[in-house]
Amino acid sequence: MKAFKKITSQFIPIPVENIDTDQIIPARFLKATTREGFGKNLFRDWRFYNDDEQQPKEEFILNDSSYSGEILVAGKNFGCGSSREHAAWALEDFGFRVVVSSFFADIFRNNALNNGVLPVQVTEEFLEKIFSLDKNDTLTIDLENQEIIIDKTGETEKFGISQYKKECLINGYDDIDYLLSLKQEIEEFELSRK
């Protein structure tokens, strides 16, 4: 995974509540067993009229080239529905490093963290402030200080994350990398037990 400490980026707003994992990545695209290539099918049914990529829905924000960024901002209850890890794969493969919402489904939150996508949960009031911004405005996500900042106004809000997952993201570790980073301590512990 890529190391993550602080990101300042424009954001892509999707002010829709209850976005489920089948909307994020439709079930018919779950046949692959590796993580690569899922980004092209992110929000597939919202982005295209059918499975032909030549017919994009111009009104959908991901088809609007004037929007860009590594941050997706979505309505309340993002990632609900079935517990497919592919939703996190698709977001990461598309280029999102952060998803901001006022509520995340627990399984989605864990899948995102395990795949290098930071879910930032904010209050509904703070979320509304973000949705009221212009498309060229930026957000800063400061993982070390667990803070999201609206750069235009300087308004901030703290967000929660487990210390373990925070350390993994900051160092770019998956679970195995984390254990390997403790190899010396593990070996010393094992030697002390003999």
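Residues numbered from 1 in each chain as written. Predicted model: local features only at pLDDT ≥ 70, side-chain atom pairs only at ≥ 80, totals over all residues. Heavy atoms only, no water.

1. A look at the overall build of the protein
Then step 1. When you go through the protein residue by residue, the secondary structure sums to eight helices and seven strands.
Then step 2. Computed over C-alpha atoms, the radius of gyration of the protein comes to 18 Å, within 12% of the 16 Å expected from 2.2 N^0.38 for 194 residues, which places it in the range of a compact globule.
Then step 3. Each of the three principal axes of the protein carries a C-alpha extent, and together these read 65 × 45 × 25 Å.
Then step 4. Per-residue burial over the protein gives 45% buried out of 194 residues.
Then step 5. Carbon and sulfur atoms make up 47% of the accessible area of the protein, which totals about 10200 Å².
Then step 6. Averaged over its 23 positive side-chain charges, the protein has a centre that lies 3 Å from the centre of its 35 negative ones. (Helix = DSSP H or I, 4+ residues; strand = E, 2+ residues; numbered from the N terminus. Rg over C-alpha atoms; globule rule 2.2 N^0.38 Å. Buried < 20%, exposed > 50% of the residue type's maximum accessible area, 1.4 Å probe, protein only. Areas by Shrake-Rupley, 256 points an atom, 1.4 Å probe, with all protein chains shown as cover. Lys, Arg positive; Asp, Glu negative; His and termini not counted. Charge placed at Lys NZ, Arg CZ, Asp CG, Glu CD.)

2. What about helix α6 (residues 163–171)?
Then step 1. Along α6, the positions that sit buried rather than exposed are Lys165, Lys166, Cys168, Leu169 and Ile170.
Then step 2. Where α6 is buried, its residues meet α4 (106–114), β4 (118–121) and α7 (175–181).
Then step 3. Directly after α6, the chain includes glycine 172, whose backbone phi takes a positive value near 75°. (Contact = heavy atoms within 4.5 Å.)

3. Here's the deal with the packing of aromatic side chains
Geometrically, a pair of aromatic rings is defined through the distance of the ring centres and the angle of the planes.
Then step 1. Within this structure, the stated rule accounts for nine aromatic pairs.
Then step 2. Ring centres of phenylalanine 38 and tryptophan 89 lie 5.4 Å apart, and the angle between their planes is 65°; on these two criteria the pair is classed as edge-to-face. With phenylalanine 38 in the loop between α1 (21–24) and α2 (44–47) and tryptophan 89 in helix α3 (residues 86–94), the pair connects residues that are 51 residues apart, well separated along the chain.
Then step 3. A ring pair is formed by phenylalanine 43 and phenylalanine 60, whose centres lie 6.0 Å apart and whose planes are at 55°; its orientation type is tilted. Of this pair, phenylalanine 43 sits in the loop between α1 and α2 while phenylalanine 60 is found in the loop between α2 and β2 (71–74), placing the two residues 17 residues apart along the sequence. (Phe/Tyr/Trp six-rings, centres within 6.5 Å; stacked < 30°, edge-to-face > 60°.)

4. A closer look at helix α5 (residues 124–131)
Then step 1. Those residues of α5 that sit buried are Phe126, Leu127, Ile130 and Phe131. Each buried residue of α5 sits inside an arc of 145° when the element is viewed along its axis, so together they form one side. Turned more than 90 degrees away from the buried face of α5 sit Glu125 and Glu128, all of them exposed.
Then step 2. Looking at the buried positions of α5, the neighbouring elements they touch are β1 (6–14), β2, β3 (98–101), β5 (138–142), β6 (147–150) and β7 (155–158). (Arc of directions from axis to C-beta.)

5. Topic: the nonpolar core
Then step 1. In this structure, Ile24, Leu42, Phe43, Leu72, Phe78, Leu91 and Phe108 are the most contacted members of the largest nonpolar core, which totals 27 residues.
Then step 2. At the level of elements, β1, β2, α3 and α4 are the ones that each hand at least two residues to this core.
Then step 3. A per-element tally of this core places α3 first, with four residues.
Then step 4. Within the second largest apolar cluster, 25 residues are counted, among which are Phe11, Val100, Ile141 and Ile161. (Core = buried A, V, L, I, M, F, W, Y, C linked by side-chain atoms within 4.5 Å.)

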